[in-house]
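Next come the chains, spelled out residue by residue.
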Amino acid sequence: MDKQKLYIETYGCQMNFADSEIVASILSQEYSLTSNEKEADLILINTCSIRDNAEQRVLHRLTELMSLKKQHKNLRIGIIGCMAERLKGSLIDNEKVDIVAGPDAYRSLPQMLGDNTYNINVILSETETYDDISPVRYDTNGISAFVSIMRGCNNFCSYCVVPYTRGRERSRNLQTIIDECRQLAAEGYKEVTLLGQNVNSYRYENYTFPKLMQAVAEISPLLRVRFATSHPKDLSDELLEVMSAYPNICKSIHLPAQSGNNNVLEHMNRKYTREWYLNRIAAIRRYMPDCAISTDIIAGFCDESLKEHQDTLSLMQEVGYEYAFMFKYSMREGTAAHRHMVDNVPEKEKIRRLEEIIALQQNLSLQSNQKDIGKTFEVLIEGCSKRSQDQLFGRNSQNKVVIFNKGTHQKGEYVQVHITGCSAATLFGEVKE
Ligand code: 5AD
Ligand code: SF4
């Protein structure tokens, strides 16, 4: 019998993209994947709850997809991931979806779909890591892959819904991570990104994150290793030492600051101060003067004064981030900030502060890129540039996008590129033959 067809659409963080590959694997006996939603028998939307607008986008898209049921009577539609966990049965009652599965319930999908005995599972687990499941890498450039090393979060930043939707922190078996990375290298992948909400608290038996990084870096000098995300409170010198010792560990750290003001940081329950954060930045620069640093910033958190917002701007200036993800605060039900604080920065002012933050970062990114003109970087080629078939793009160790003329080069090669120009977002250069 022909397999049924599964279409998966993924929203949110890299972790969700890695999870969709696990879901595809779990359902691979019964379903083959399609990239065309119109021919699907099952549509799964892997969702994100981090901000209200992420949820609104999915709900809008869901109405569009639900209309496909008019042509295809047996089509089933499921919501999986963080919105499934947060909104639970209301998705069935109000949105009329067929299946609801939270992030720890993916193993039960074949049964849920097979015998229809139940259509919702949002039970969170303290142990599930899907460590024995080989992800089906269905949306890949064949060069760079995500490998999930832990799940959940125990930090309970007061604004954040993740500890509620993804449950408690748990680390994946070290050997299964190494095996997966080895397999990827054998298949020709050139880069792995180790993923977790807070990778620095990885712990499996006696192994910590620096030990894991070391083990992955030793698989092959031609396999680049990246990781995300680090919580500043846990960024150890030991990790920086390992990073600096291995040329194939990329010199780029995503270290979300969220705010530059101690009072706000305390209200956010971030468990570090501006001074501690800057001390960690100094440590990074000491071990790796060429390391790129990126961040996440939230504009207009509860009670944030103008002066406190300006402290965020000054922190950004002081660090000189290469890159930033910037958001306006979005109140999430059930979080500590929702229970104990008031979302009282007016929407217009939030937008104004966010725009100020974005404009500053634009400048900082441009300044950082301008400093790279005249330097030569090793670049891993990822594919054709969007603008022209005659140009390729790749990334340097610092995770900056570099564009250059194709010549005889191909995806997957490492090339030395001399940088000759830049914009705020991109470096331009010439391959040194
Ligand atoms: N509102 C706005 N931004 C948020 N983030 C997490 N929760 C919220 C929220 N409620 C941001 C943080 C985090 C990133 C993944 O999303 O900056 O680091
Ligand atoms: Fe959310 Fe904080 Fe955990 Fe990141 S560390 S997922 S911001 S609670």
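The notes below deal with the structure included here.

Rules of the game
Residues numbered from 1 in each chain as written. Chains lettered and ligands numbered in written order. Predicted model: local features only at pLDDT ≥ 70, side-chain atom pairs only at ≥ 80, totals over all residues. Heavy atoms only, no water. Near = heavy atom within 4 Å. Polar contact = N/O pair within 3.5 Å; in protein donor to acceptor, adjacent residues only side chain to side chain. Areas by Shrake-Rupley, 256 points an atom, 1.4 Å probe, with all protein chains shown as cover. Helix = DSSP H or I, 4+ residues; strand = E, 2+ residues; numbered from the N terminus. Nonpolar A, V, L, I, M, F, W, Y, C, P; charged D, E, K, R; others polar. Pairing = 2+ DSSP bridges. Axes fitted to C-alpha atoms, helices over the stretch in contact; angles between N-to-C directions.

A few words on the site of ligand 1. Every residue near ligand 1 is listed here: Ile50, Arg51, Tyr159, Gln258, Asp296, Ile298, Phe327, Lys328, Tyr329, Ser330 and Arg332. Take aspartate 296: an N or O atom from its side chain is 2.6 Å from an oxygen atom of ligand 1. The contact in question runs from a nitrogen atom of ligand 1 to an N or O atom on the backbone of serine 330, over 2.7 Å. With the chains in place, 86% of the 400 Å² that ligand 1 exposes on its own is no longer accessible. Of all the secondary-structure elements, those providing two or more residues to the shell around ligand 1 are β15 (292–299) and β16 (323–328). For the shell around ligand 1, the per-class residue count stands at 5 nonpolar, 2 polar and 4 charged.

Taken together, 3 strands build an open sheet; the order of strands is β14-β15-β16 and the sheet is parallel. Only two strands of the sheet have a single partner each, and these edge strands are β14 (252–254) and β16. Averaged over all neighbouring strand pairs, the angle between strand axes comes to 10 degrees, with direction disregarded. With 3 bridges connecting them, β14 and β15 associate as parallel partners. What sits directly across from isoleucine 253, in β15, is isoleucine 293.

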